[in-house]
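Fold and contact review
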Amino acid sequence: MPLSQKPERDTPRPLSAFGNIPVPGTRAGAIVSIGLAVIAWLALPVARPFILGTVGLGVVVGLILQWKHNRL
């Protein structure tokens, strides 16, 4: 292999120690997600509009999907 080529990695390198945290779709994952949102809410005041918009959009999309599911 020539020196100009780098070997390929199987997994991406994390940006920090907590860069790649998998969050499963379970109750434990929900607790982790809520905890991360609370930490972001408290630590990053600039992120508050984004968090509120994300929660609002999630509620709207969730209600639409629930309505479509129950209608069928």
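Please refer to the structure placed before this passage.
This report concerns the structure included in the present document.

**Quick notes on the overall build of the chain**
If you tally the helices and strands in the chain, you get two helices and zero strands. Within the chain, buried positions represent 4% of all 72 residues. Summing over all exposed atoms, the chain offers an accessible surface of approximately 7,000 Å²; the carbon and sulfur share of this is 69%.

**As for the environment of Ala 47**
By the element assignment, Ala 47 lies in the loop between helix H1 (27-43) and helix H2 (48-71). Between the alpha carbons of Ala 47 and Ala 37 there is a distance of 9.7 Å; along the sequence they are ten residues apart.

**Here's the deal with a nonpolar patch on the surface**
A cluster of nonpolar residues, Ile 34, Val 38, Trp 41, Leu 42 and Leu 52, forms a patch on the protein surface that exposes about 510 Å² of accessible area. For the nonpolar patch, the leading source of residues is H1, giving four residues. Relative to the helices and strands, Trp 41 is located in helix H1.

Rules used throughout
- Residues numbered from 1 in each chain as written.
- Predicted model: local features only at pLDDT ≥ 70, side-chain atom pairs only at ≥ 80, totals over all residues.
- Heavy atoms only, no water.
- Helix = DSSP H or I, 4+ residues; strand = E, 2+ residues; numbered from the N terminus.
- Buried < 20%, exposed > 50% of the residue type's maximum accessible area, 1.4 Å probe, protein only.
- Areas by Shrake-Rupley, 256 points an atom, 1.4 Å probe, with all protein chains shown as cover.
- Patch = residues over 30% accessible without salt bridge, like charges linked within 9 Å, V, L, I, M, F, W, Y side chains within 5 Å.
- Salt bridge = Lys/Arg side-chain N within 4 Å of Asp/Glu carboxyl O.

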